[in-house]
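Each chain, letter by letter, is given below.
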Amino acid sequence: MPIHNNEIADDFDRLADLLEIEGANQFRVRAYRDAARTVRNDTRNMADRIEDGEDLSEIAGIGEDLAEKIKTIVETGELPLLEEVRLRVPDALSDLMRIEGLGPKRVKALYHNLDIETIDDLKDAAENEKIQELEGFGRKTEHIIKERVERFAGAEKRTTLLVAEDIAESLVEYLKQSKGLKDIVIAGSYRRCKETVGDLDILVTAKKDSSVMKRFVDYDEVIEVILHGKTRSTVRLRSGMHVDLRVVPEVSYGSALHYFTGSKAHNIGVRKLGMKKGYKINEYGVFKNDKRIAGKTEKEVYEKVGLCYVPPELREGRGEIEAAKNNALPDLVTLNDIRGDLHCHTTATDGHNSLKKMTEAARERGYEYIAFTDHSKHVTVARGLDKKRLLKQIDAIDRLNDKLDDIVVLKSIELDILEDGSLDLPDSVLKKLDFTVCSVHYKFHLSSKKQTERILRAMDNPCFTIFGHPTGRQINEREPYQVDIEKIIKGAVERGCFLEVNANASRLDLNDDACKLAKDNGLKVAISTDAHSVSDLDFMRFGLNQARRGWMEAKDVINTLPLKKLRKLFQRG
DNA sequence: GCCGTTTTCGGCCCGACTGTTTTCAGTCG
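Just so it is clear, the model here is predicted, and its values are computed rather than measured.

Trainee: Describe the sheet that holds strand S18 (residues 525-528), and please don't skip the residues or the numbers.
Mentor: The parallel open sheet is built from five strands, whose spatial order is S14-S15-S16-S17-S18. The strands lining the two open edges of the sheet, one partner per strand, are strand S14 (414-416) and S18. Sheet topology note: the S14/strand S15 (residues 437-439) ladder contains three bridges and is parallel. Within the sheet, the bridge partner assigned to leucine 415 lies in S15 and is cysteine 438.

This is how it looks when you write it as structure tokens:
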């Protein structure tokens, strides 16, 4: 089993923690953290890169030393320096740093003075009032530590965008009623449309006497006020979500929005460009010799450093700054480009609304076509369609189409890819369909090699059109199955198949990285909702988010095509 | 540990908030 990028990243993160506790040079520590992030976000396995003879030190932020260390981890599964540091600093101390308010210095002090190594040790010491006796700690700090330790167990899950949206929108509506409020926007990873968000960063501009900060900490849903200042406060909501509110002057709105939207990697890149031009860039503006020369809008900030405006979804430090410099940013796909949905279920299997209701809903959304892809027989829990029932559905769609003149209903099915790579209905009936979606619903635990072969074999069938939810992951619920997604992408291009970007908020499968990989390999995708009800059709925006984060343009997405062209694309061979 | 139109050494983002101080260290984003 090859070493996964995540494991390499975990080693570097842990090493960074332990070195930091030891008091190592902070920039060295940062180099390991940056490397962890770079490796974790890389769409290609380090192991594959090495096998292909690539020079890892050409990756930004990875120098000769780190390249060598990555190679060692890939080859031996171990990082000798980490083992060495572990002899001096107990491994568990790095877990302590995950408690809010505990950084390297405090963890070190707790360890040296009170022998605290684990979360349990910490809990005991807090309960026995040992911590407040330490220099630099006091009663209040001890109390806060005690509370946070108790809460620590079981936390850590990030929130899907769907849930985050719900929480954020109510809060924003509430804050909008504050006196003296001008602009309000949610920045951070929420604005970058990351598939999950850890916390919410809300940015406002307001008059001096505005009530917004007080109103924020008084919000009904707030169960803990972590910080409460004039320009910045942090609270924890009942949902567990942390929310930051920052108030900035109007002249700084653009630079603050840029700063708090991130990502960190992107901001550092922009700031570096500014430094080269002799500017200082912070959340209050772009400054030359302490004189503000830009900052009211984000566009101004980008212009000052010689870049065109970068959409938030691209701000991940994956080459967007270089592209912006060369005016080569993609023209990202939008909801307006979408002409139809290619993966929907009805009451014929496990959907909640009828063929007719779903079609009406698609028409209301301005679509030109909608495809019904009810399950096939192998998915028994969903009462999947056998040949006879599929023929009946085809009939029903023909009759429905006869009555409609402003939307076309496409005949399809979500087939099951069986373990041997065959599809679970005969070609004879599949040929009566406009196209197919083929998915894996069983046997998730095959080896990567077997799973990849299974899928490629299925794609060999000329009736195979779109590969549904290609990795099977469900956010916070189920890990993706082991599969070589790059091979699948290349295999799909060779065979004239497509991959789905399943827009269901808890799937988002393909994810952003895989979308980028698809784009880089010239593969087109279908962004589909996998709707099981009328309201699910609105998941389209979540799929778009990920496609946009993967640099996709309208031309990379097949359901932006008018029907005629789409039908042509579906003809294989 | 990385990086380079300030290039092989010397920088590397920095401001807000809190608790424990009595002028600041630690943490966070």
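Text resumes after the structure shown.
Trainee: Describe the protein's contact with DNA strand B, naming the residues involved and giving the relevant values.
Mentor: Taken together, 40 residues lie near DNA strand B, and Arg30, Gly61, Gly63, Gly138 and His228 sit nearest. When atoms of DNA strand B within 4 Å of the protein are sorted by moiety, sugar and phosphate together comprise 78%. One nitrogen or oxygen atom from the side chain of lysine 69 is found 3.5 Å from a phosphate oxygen belonging to DNA strand B. Between DNA strand B and arginine 246 there is a distance of 3.4 Å, counted from a sugar or linking oxygen to a side-chain nitrogen or oxygen. When contributions to the surface near DNA strand B are tallied by element, the ones reaching two or more residues are helix H2 (26-41), helix H4 (64-76), helix H7 (104-114), helix H9 (139-152), strand S5 (222-228) and helix H14 (264-276). Broken down by element, the surface near DNA strand B gets its largest block of residues, five residues, from H2. Among the residues making up the surface near DNA strand B, the classes are represented as 13 nonpolar, eleven polar and 16 charged.

Trainee: Go over the domain arrangement of chain A with me, naming the residues and quoting the values.
Mentor: Taken domain by domain, chain A consists of domain 1 (5-152), domain 2 (159-248), domain 3 (252-325) and domain 4 (335-570). Taking only C-alpha atoms, the centre of domain 2 and the centre of domain 3 are 23 Å apart. Taken together, the contacts link 14 residues of domain 2 with 14 residues of domain 3. Interface of domain 2 and domain 3: buried area, both sides summed, is about 1200 Å²; carbon and sulfur atoms make up 65% of it. Interface area lost by domain 2 to domain 3 is led by Arg191, Arg192 and Val248, which between them contribute 52%. Joining domain 2 to domain 3, the criterion identifies two salt bridges. With its nearest N and O atoms 2.7 Å apart, the salt bridge here joins arginine 192 to glutamate 316. Elements that contribute at least two residues to the side of domain 2 that touches domain 3 include exactly strand S2 (181-186), helix H11 (188-191), strand S4 (199-206) and strand S7 (242-248). Within the side of domain 2 that touches domain 3, the residues separate by chemical class into five nonpolar, three polar and six charged.

Trainee: Which residues make up the UniProt feature "domain: Helix-hairpin-helix DNA-binding motif class" (unreviewed entry) in chain A, and what values do they have?
Mentor: UniProt's entry tags residues 54-73, 94-113 and 129-148 with the feature "domain: Helix-hairpin-helix DNA-binding motif class" (unreviewed entry), counted in the numbering of this structure. Overall, residues 94-113 shows 65% helix and 0% strand. The separation of its end C-alpha atoms is 17 Å.

Trainee: Before we move on, can you summarise the confidence of the model for chain A with the specific residues and values?
Mentor: Mean pLDDT over chain A: 91, with 99% of residues reaching 70 or higher. Looking over chain A, one finds the lowest element-wise mean pLDDT in H9, namely 84, and the highest in S18, namely 98.

Trainee: Got a sec to walk through a positive patch on the surface? Specific residues and values, please.
Mentor: Taken together, the side chains of Lys356, Lys357, Arg399 and Lys403 present a region of like positive charge at the surface. Those elements giving two or more residues to the positive patch turn out to be helix H17 (355-364) and helix H18 (387-403). Note on placement: lysine 356 falls in helix H17.

Trainee: Talk me through the packing of helix H1 (residues 5-22) against H2; I want residue IDs and the actual numbers.
Mentor: Packing of H1 against H2 brings their axes to within 8 Å, and their N-to-C directions diverge by 165°. Between H1 and H2, the crossing angle belongs to the class labelled roughly antiparallel. In this structure, H1 meets H2 at a crossing whose hand is left-handed. Across from Asn5, Asn6, Ile8, Ala9, Asp10, Phe12, Asp13, Leu15, Ala16, Asp17, Leu19 and Glu20 in H1, the residues of H2 making contact are Arg28, Val29, Tyr32, Arg33, Ala35, Ala36, Val39 and Arg40. By residue class, the composition of the contact of H1 with H2 is eleven nonpolar, two polar and seven charged.

Trainee: Talk me through the pairing of S5; I want residue IDs and the actual numbers.
Mentor: Residues in a regular strand project their side chains so that they alternate between the two faces of the sheet. As judged from the five bridges shared by S5 and strand S6 (residues 232-237), these two strands associate in the antiparallel manner. Bridge pairing links leucine 227 to threonine 234 in S6.

Trainee: Describe the sheet that holds S6, with residues and values.
Mentor: Taken together, the five strands give an open sheet; going across it, the order is S2-S4-S7-S6-S5, and neighbouring strands pair in mixed fashion. The open sheet terminates on both sides in strands that have one partner only, identified here as S2 and S5. Mean inter-strand twist for the sheet, computed between neighbouring axes without regard to direction, equals 20°. Looking at chain direction, S4 and S7 are connected through seven bridges and run parallel. Note on S7: the bridge partner recorded for leucine 203 is arginine 246. Packed onto the sheet, helix H10 (residues 161-175) meets S2, S4, S6 and S7 and runs at close to 175° relative to S2.

About the cut-offs
- Starting from 1, residues in each chain are numbered consecutively following that chain's sequence as written.
- Numbering of ligands from 1 and lettering of chains from A proceed in the order in which they are written.
- In keeping with the model being predicted, local features are shown solely for residues with a pLDDT of at least 70 and side-chain atom pairs are shown and tallied solely at 80 or more, while totals for entire chains, interfaces and linings include all residues.
- Side-chain measures here rest on the full set of heavy atoms in the structure, leaving out hydrogens and waters.
- Strands are labelled as partners when DSSP assigns at least two bridges between them.
- Secondary structure elements follow DSSP: runs of H or I no shorter than four residues count as helices, runs of E no shorter than two count as strands, and numbering proceeds from the N terminus.
- Residues are counted as near a molecule or strand when any one of their heavy atoms sits within 4 Å of it.
- Residues adjacent in sequence count toward polar contacts only when both atoms are side-chain atoms; beyond that, a polar contact is any pair of N or O atoms within 3.5 Å, and within protein one must be able to donate a hydrogen and the other to accept it.
- Three residue categories are used. Nonpolar comprises Ala, Val, Leu, Ile, Met, Phe, Trp, Tyr, Cys and Pro, charged comprises Asp, Glu, Lys and Arg, and polar comprises the others, including Gly.
- Boundaries between domains were set according to an automatic or database domain assignment.
- The contact criterion used is simple: two residues touch if any of their non-hydrogen atoms lie within 4.5 Å.
- Two parts placed together each lose some accessible area under a 1.4 Å probe, and the buried area is that loss summed for both.
- One speaks of a salt bridge when a side-chain nitrogen belonging to Lys or Arg is within 4 Å of a carboxyl oxygen belonging to Asp or Glu.
- UniProt positions are given in the numbering used here, feature names are shortened, and annotations may be inferred rather than shown by experiment.
- Each residue carries a pLDDT score, the predictor's confidence in it, ranging from 0 to 100.
- A patch consists of residues whose relative accessible area exceeds 30% and which take part in no salt bridge; residues with like charges are grouped when within 9 Å of each other, and nonpolar side chains (Val, Leu, Ile, Met, Phe, Trp, Tyr) when within 5 Å.
- We get accessible surface area from the Shrake-Rupley algorithm with a probe of 1.4 Å; when it comes to residues, only the shown protein chains can shield them.
- Positive charge is attributed to Lys and Arg, negative charge to Asp and Glu, and no charge count is given to His or to the chain ends.
- Note on charges: their place is set at NZ of Lys, CZ of Arg, CG of Asp or CD of Glu.
- Convention adopted: a line fitted to C-alpha atoms gives each axis, helices being fitted over their contacting stretch, and angles between N-to-C directions are expressed from 0 to 180 degrees.
- The scheme is simple: roughly parallel for angles under 35 degrees, roughly antiparallel for over 145, roughly perpendicular for 65 to 115, oblique for anything else.
- Each helix crossing is assigned a hand: it is left-handed if the near helix lies turned anticlockwise from the far helix by less than a right angle, otherwise right-handed if that turn is clockwise.

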